[in-house]
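Overview (structure and organization)
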Amino acid sequence: MEPDAVGLRCDLTSCNEVDFLPIKCHCNKVFCRYHISPDKHTCASLDASGPSEEHAPIAKRQRCALGDCKKPSLESVISQEVNLETKPTSSAACTKCLLSFCIDHRHPDLHSCTGLQKQESDEKKDAQHILARHFSNPPSHTPLAVRHTGKPPTDPKKLAQIQKVTLMKMRHSASAGDPRDKSSTVPVNERLHIKARLEVTGMPVQERVLWFRKSVVTGRALDLISANLGVPPSYQTPLCLIKKSVSDPLSCSPLQNDLLLSEQAEDTCTVMLSALPHSRSD
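This is a predicted model, so every value here is computed, not measured.

All right, on to the overall build of the protein chain then. Regarding its fold elements, the protein chain presents five helices and ten strands. Within the protein chain, the proportion of its 282 residues that are buried is 29%. If you take every contact in the protein chain between residues at least 6 apart in sequence, the share linking residues at least 24 apart comes to 52%. Element-wise, carbon and sulfur atoms account for 53% of the exposed surface of the protein chain, whose accessible area totals about 19600 Å².

Right, here's the structure in full:
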């Protein structure tokens, strides 16, 4: 299909580009959207001193309703090009705010449409009304899914199931406690996942989920946990690792630095980094 088969060429000699939505001016010439303004194509209608037999009175076209935009509105173009009495057409005004805009600003999201904002506000109010009508009274009981007893279950099967789910979550969020293991591939069954917690006087409490090789010694893990929790190397107070039991969170026991960490701590347990009991200030 030839380019001119769809749309028309702009009558401005310096432009002459094909426009698929051309606009006809008062001077009976067709221009693109960039040259439709009379001052953009030296319109002959500007030189007319007044109405005559050759020139009919010129009606001023309605401008785009958006701010300082000087382009003609689509509604004014349609009303001048079509005889509405013999050939009725659909309105080109915005269906939300009912104002008329140019081709560049005709969509509601391009002219900050007040009608669109009102529609969204009405829809929000309707949704709030529906929620208030159906969920105005809170349930008298706590759903089982969010009911907390404050005590860990004593059933070994339930405890094992909870520990299994916790371990799965920790595997996704844990980072390598040893920086040398970040780029290495360590099998999952050779990793120990723990929650390291900093509880040192004068420092903010911090927690991180870390994993270590099961072959790491507790003394080495102590240094790595201190680095991961931001304890400065210049800190002089001796530190130790204290394990909180998974089955009994109130039970705590210090770890021996000369033994393997995996021999003294199990997956998902909390290991606290704290000052040695005899070095704590009273």
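Another point: the pairing of strand β8 (residues 239-244). Among the six residues that make up β8, five are buried, leaving the element largely enclosed by the rest of the structure. Pairing of β8 with strand β10 (residues 270-275), which is carried by six bridges, proceeds in the antiparallel orientation. Considered in β10, the bridge of Leu239 is made with Ala275.

When you line up the elements, Thr42 lands in the loop between β4 (30-31) and α1 (74-81). A sequence separation of 30 residues divides Thr42 from Leu12, and the C-alpha atoms of the two residues are 9.3 Å apart.

Criteria and cut-off values
- Residues numbered from 1 in each chain as written.
- Predicted model: local features only at pLDDT ≥ 70, side-chain atom pairs only at ≥ 80, totals over all residues.
- Heavy atoms only, no water.
- Helix = DSSP H or I, 4+ residues; strand = E, 2+ residues; numbered from the N terminus.
- Buried < 20%, exposed > 50% of the residue type's maximum accessible area, 1.4 Å probe, protein only.
- Contact = heavy atoms within 4.5 Å.
- Areas by Shrake-Rupley, 256 points an atom, 1.4 Å probe, with all protein chains shown as cover.
- Pairing = 2+ DSSP bridges.

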